[in-house]
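Working through the structure, step by step
Residue strings, one per chain:
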Amino acid sequence: MDLSDATSKGMSQDGRTRQEAAVLPQQGPVAAAQEEEGAPGDAPPGPPQSPLGTGVPRTLFSTWDGWQDTTASKTAPGDTATGTPCSEGPPKPTPALPDPTGAISSPHGGHGEQEQQQRSWEGNQHDGSASLLWVAQPGLLFQGDKQSSCHPLSLSWALGYNSSLAVHSLAGGEDRVLLYVCSHTAVIHDVPGGRQYHLQGHANAISCLCVSEDRRWVTTADRGPDPLVIVWDAFSGIPVRTIFDSHPGGGVAAIAISRDARYLVTISSGRVQKVCLWRWTSHTESPVCSAELRPEFGLQAFVIFNPQNPYEFVSNSKTQVIFYLWGDAGLQYSTPPLTKQTFNSVVGHFSQSAFHFNNAQALTGTSAGKLVVWDTACARSLSEEAQAQPHSTKATKLVPMQRSSITVLTVLASCIVTGDVKGRVKFYNGQLQLLACYSHSGVGPVCSISFSKSPPEPPDAASACSSAGSQPFTTGNFILSTSDATVLHVATDGTNFEKVMEEAKKATTAIACHPRQALLAVGSRCGLLKVWDYQQPKHLVSRIFTEAGIQCLSYDPEGCFLATGLTDGSVYILDAISLQSCCGAFRFSRGTVTHVSFSHDSEYLATADEKYAVTVYRRVLQNGQRCWEHLAGLHSHYKPIRSILFGVQMDSNEPRLLSLGEDRQLVEYDLSSSSKDRLVISHRDRVEQVAVPLCLAWYPQFSTESFILTANSCYKMKLYNTTTKMCRKTLLGPTYGSPLEKIQILPTRSTTEPQKCYLAYITQDKVGLQILPVDGNPHKSSAFICHPDGVSDLACSYDGRYVFTAGGNDRTVLKWEVNLKSWKTISTMCSCAAKASTRWRPDRCQRIFPWRKFLL
């Protein structure tokens, strides 16, 4: 039975989407026993390797390089604890698969033989009818044309990334294929080809990311309610295993995958952390072993396996390093002490740990620029005697490497690599002697270093270690990411630092679409303003405001100006193409400018600030040139202003201005009667009694009567007459966990159906579409999780083909493609199913139309 390439999806209790793993091949009792024991000649425990010889190995290797058989007589003076015992210990080592040319005896060799075995095995098992997962090869994700989605909104592109997590290189050589996290989505980005593939399945923001050594298996984990751990096939994009509720207390804080890609280790993010070891290639839904850590150990935020031993791993917090060993007695760990008095030297906070390639030591980087060398007092061996006893480790050396804090530590086949807060990357040999250093001005603190699949080893590594660099040092190119949201490709042959991505360092708070071109303006709290061509997509122009952050943006209807509201109360009116200021900055607001909007004729500009004031600017003719000047301002509300909106007078072409506040007041201003420093209010109406109005929009003209559409905190949508402000209709709005925060009428691009209109909206963490006219039918709206940590802004493209959302603190912007044809079909079928039954039953509808569960 082949692995299915289709994904099975389920629902959480609050209606959020999940993606389950593909079903693994079923085995009989004998085969299952052989898999657990690791018998020779058994079937692979998980998806087989690709024809290129990568993937999960069929069985453990027969020998392990660098393992020692001697037993130390000295015990480290640290705590030793035992976790939850398991029914059985780790599998015993067994010989490798038989092969005519010889058995594989080392993790570092035998790739050609393994490839030959793999092809022979696949030919016997599949007979040419392999599924996508079995035949997947690198680059398969981007082959062929992109199929249209059946969902009303489908993720098309992601701007920005989570700079606190690592950026991985999935391809070797000059092929820059990157893997990084964008909110609740893992993105595989082909930089030269300008293509992205999105691994979607999490309902919470992804907190951890790791990749197998062969770059075949990607594992993501999240924090929040109903946390998930998902293992993906990076070649096909298929989720092959989903672990539900791995750590119900709050999610996963750290994750790692073993070198043989069989085991996962996860550490929870609660106050009392739990360490779990998973055999993800098996059918079990529970970890093979686990242990609880005491709170005084600190938050263990980093974990890594021993490359030579999948039953041993190490984790660290800022103050404590913990070593683990899985044996017959369960998961045991030791916490060797290390203080300033140990070596009479300042240690600093721990950053990352790694095992030395000689397999006898471990290393930990510190904020004081030092490396702690840990050595074991017990041999690392696969013998039963060694596994029955907890290993003990102690700090033997504290080596000062530099003055700057070490932020990244990784170990290659024959060298040790560090990254620091000054953006420098250094290579050392096994004796911690410097081999090479790569640095560039303007590079921030290093967050991650990722090499290609098989970086070339230094020539004659053994002699290089003994003669202290007598041979020239060479290494492969690598991807460098920094904490200030910059990704660089470093060519080590010429020390060339090429910027691959440079994104916002702080929250992305504002977006705006050009009214006539495929341009998107993105503003962030760090003062960075960037304009993107979202069709390509590519960055066109940018500008940095050093004095304050950007809070809101708006293009004028002609597309000539871009108004920018800053957190210090300043308002800039920029040229829409060059981003140069058209006039001086206006500073008439005493607080952060929260809203900005142009009139339909681009003659007026209105802003609202956090001090509940509305300020109006206008264009005037001075010295034969058109320029902007301040007209007037007014504290028209006594609670935060939720929206400001320009419109057109019904009996003339003059603009009209409205503002809506949490004080339940809808205020209309008389611009024609206003004068310098005097803003006139024409009407003030109370639109709610109990609920709080949250957003405002002009309702499309479906009849002779004109309306204003509002949404409130009680999930109600109301229609008000534009002249009398009388409430004409109250209807149930979309109910997806939180009320509507912002709404926009989707620009129509249909000339044959001008009456077909749609409403785009965002809630606290979702984006959705509503079919107009509103009638309270729940099947005419849909929503999708876009930013689990909160949505800050919404924008629609000028042709209505795309909807954009800004994620605020996750520093990302998502581009959603609108598919109205599928949405109309789904809505019609759901409405017909509801009418066919006297009582609407969601469980029955989901059985009839299983795709409905994706819309909740």
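Residues numbered from 1 in each chain as written. Predicted model: local features only at pLDDT ≥ 70, side-chain atom pairs only at ≥ 80, totals over all residues. Heavy atoms only, no water.

A word on the overall build of the chain
Secondary structure summary: the chain contains 8 helices and 58 strands in total. Just so you have it, the chain exposes about 34600 Å², and 49% of that area is on carbon and sulfur atoms. (Helix = DSSP H or I, 4+ residues; strand = E, 2+ residues; numbered from the N terminus. Areas by Shrake-Rupley, 256 points an atom, 1.4 Å probe, with all protein chains shown as cover.)

Comments concerning the pattern of salt bridges
Scanning all chains against the criterion turns up 19 salt bridges. When the shortest N-O distance is used, the salt bridge between lysine 499 and glutamate 502 registers 3.2 Å. On the basis of relative accessible area, glutamate 502 is assigned to the partly exposed category, the value being 40%. Here the salt bridges do not stand alone but share partners, grouping Arg642, Glu662 and Glu741 into one network. (Salt bridge = Lys/Arg side-chain N within 4 Å of Asp/Glu carboxyl O. Buried < 20%, exposed > 50% of the residue type's maximum accessible area, 1.4 Å probe, protein only.)

Remarks on the environment of cysteine 447
With respect to the helices and strands, the residue cysteine 447 is situated in strand β29 (residues 446-451). Its relative accessible area of 17% is what places cysteine 447 among the buried residues. As a C-alpha pair, cysteine 447 and threonine 407 span 40 residues in sequence and 6.7 Å in three-dimensional space. If we skip the residues at most four places from it in the chain, cysteine 447 touches Ser163, Ser164, Leu165, Gln352, Val408, Ser481, Thr482 and Ser483. (Contact = heavy atoms within 4.5 Å.)

Things to note about the sheet that holds strand β38 (residues 561-566)
Strand order in the open sheet formed by 3 strands is β37-β38-β39, and the pairing between neighbours is antiparallel. The open sheet has two free edges, formed respectively by β37 (550-555) and β39 (571-575), since each of these has just one partner strand. Each strand of the sheet is rotated relative to its neighbour by a mean of 20 degrees, with strand direction disregarded. Here 5 bridges tie β37 to β38, and the two strands are oriented antiparallel to one another. The partner of leucine 553 across the bridge, within β38, is threonine 564. (Pairing = 2+ DSSP bridges. Axes fitted to C-alpha atoms, helices over the stretch in contact; angles between N-to-C directions.)

With respect to the side chain of asparagine 429
Tracing the chain through its elements places asparagine 429 in the loop between β27 (425-428) and β28 (434-438). Within polar-contact distance, the side chain of asparagine 429 engages the backbone nitrogen of glutamine 433 at 2.8 Å. (Polar contact = N/O pair within 3.5 Å; in protein donor to acceptor, adjacent residues only side chain to side chain.)

Let's talk about unusual backbone geometry
Residue proline 537 is reached from glutamine 536 by a cis peptide bond, and omega for that bond is -15 degrees. Inspection of the secondary structure assignment puts proline 537 in the loop between β35 (528-533) and β36 (538-544). A cis amide bond, omega 5 degrees, links leucine 772 with the succeeding residue proline 773. One can find proline 773 in the loop between β54 (766-772) and β55 (781-785). Positioned with a positive phi, serine 183 is a non-glycine residue whose angle comes to about 60 degrees. The residue serine 183 is located in the loop between β6 (177-182) and β7 (185-190) in this model.

A look at the environment of leucine 299
Inspection of the secondary structure puts leucine 299 in the loop between β16 (289-292) and β17 (302-306). Assessed through its relative accessible area of 45%, leucine 299 is described here as partly exposed. Counting along the chain gives 26 residues from leucine 299 to glutamine 273, while the straight-line C-alpha distance between them is 7.6 Å. Sequence-distant contacts of leucine 299, defined by excluding residues within four places in its chain, comprise Ala253, Ser269, Gln273, Asn316 and Ser317.

A closer look at the sheet that holds strand β48 (residues 693-698)
Pairing is antiparallel across the open sheet formed by 4 strands, whose spatial order is β48-β49-β50-β51. Where the open sheet ends on each side, the last strands, each with one partner, are β48 and β51 (727-732). The average undirected angle you get between the axes of adjacent strands in this sheet is 20 degrees. Two elements, strand β49 (residues 707-712) and strand β50 (residues 716-721), share 5 bridges in a ladder whose sense is antiparallel. Note on β50: the bridge partner recorded for isoleucine 708 is tyrosine 720.

A word on the pairing of strand β44 (residues 641-648)
Most of β44 sits out of view: 6 of its 8 residues are buried. One ladder, built from 7 bridges, connects β44 with strand β45 (residues 655-661); its direction is antiparallel. In the sheet register, isoleucine 641 faces β45, and the bridge partner there is glycine 661. Linking β44 to β45, which pair antiparallel, is a turn of 6 residues.

Concerning the packing of aromatic side chains
This model, assessed by the stated rule, comprises 25 aromatic pairs. Summarising the aromatic geometry, the rings of phenylalanine 586 and phenylalanine 588 are spaced 6.4 Å apart at their centres and angled 35 degrees between planes, so their arrangement reads as tilted. We classify phenylalanine 586 as buried; its relative accessible area is 9%. Look at phenylalanine 586 and tyrosine 617: their rings are 4.7 Å apart centre to centre, the planes differ by 45 degrees, and that puts the pair in the tilted class. (Phe/Tyr/Trp six-rings, centres within 6.5 Å; stacked < 30°, edge-to-face > 60°.)

Re the nonpolar core
Of all hydrophobic cores here, the largest spans 31 residues; its most connected members are Leu153, Val487, Val767, Val803 and Trp816. Elements with a minimum of two residues in this core: β4 (153-159), β6, β32 (496-502), β53 (757-762), β54, β56 (793-796) and β58 (813-818). Excluding anything up to four places from it in sequence, valine 487 contacts Tyr161, Val167, Leu178, Ile479, Leu480, Ser481, Glu498, Lys499, Val500 and Met501. Listed in part, the 21 residues of the second largest apolar core include Ala256, Val275, Phe297 and Phe305. (Core = buried A, V, L, I, M, F, W, Y, C linked by side-chain atoms within 4.5 Å.)

So, the confidence of the model for the chain
Of all residues in the chain, 75% have pLDDT values of 70 or greater, and the mean over the chain is 81. Scored below 50 in pLDDT, residues 379-390 makes 35 contacts in the model with residues more than four places away or belonging to other chains. For residues 458-470, every residue scores under 50 in pLDDT, and the model assigns this stretch 19 contacts once sequence neighbours within four places are set aside. (pLDDT = per-residue confidence, 0-100.)

A short note on the state of the cysteines
Under the defined criterion, the tally for this structure stands at 0 disulfides. Note on cysteine 208: no disulfide assigned, nearest cysteine sulfur contributed by cysteine 210 at a separation of 8.4 Å. The cysteine cysteine 796 is free of any disulfide, with cysteine 513 supplying the nearest cysteine sulfur at 7.2 Å. Taking relative accessible area as the criterion, cysteine 796 reaches 9% and is therefore assigned buried. (Disulfide = S-S within 2.5 Å.)

Notes on the environment of valine 490
With respect to the helices and strands, the residue valine 490 is situated in strand β31 (residues 486-491). In this structure valine 490 comes out as buried when scored by relative accessible area, which is 0%. Sequence-wise, valine 490 and isoleucine 479 are 11 residues apart; in three dimensions their C-alpha atoms are separated by 6.2 Å. Setting aside anything within four residues of it in sequence, one finds valine 490 in contact with Asn477, Phe478, Leu480, Asn496 and Phe497.

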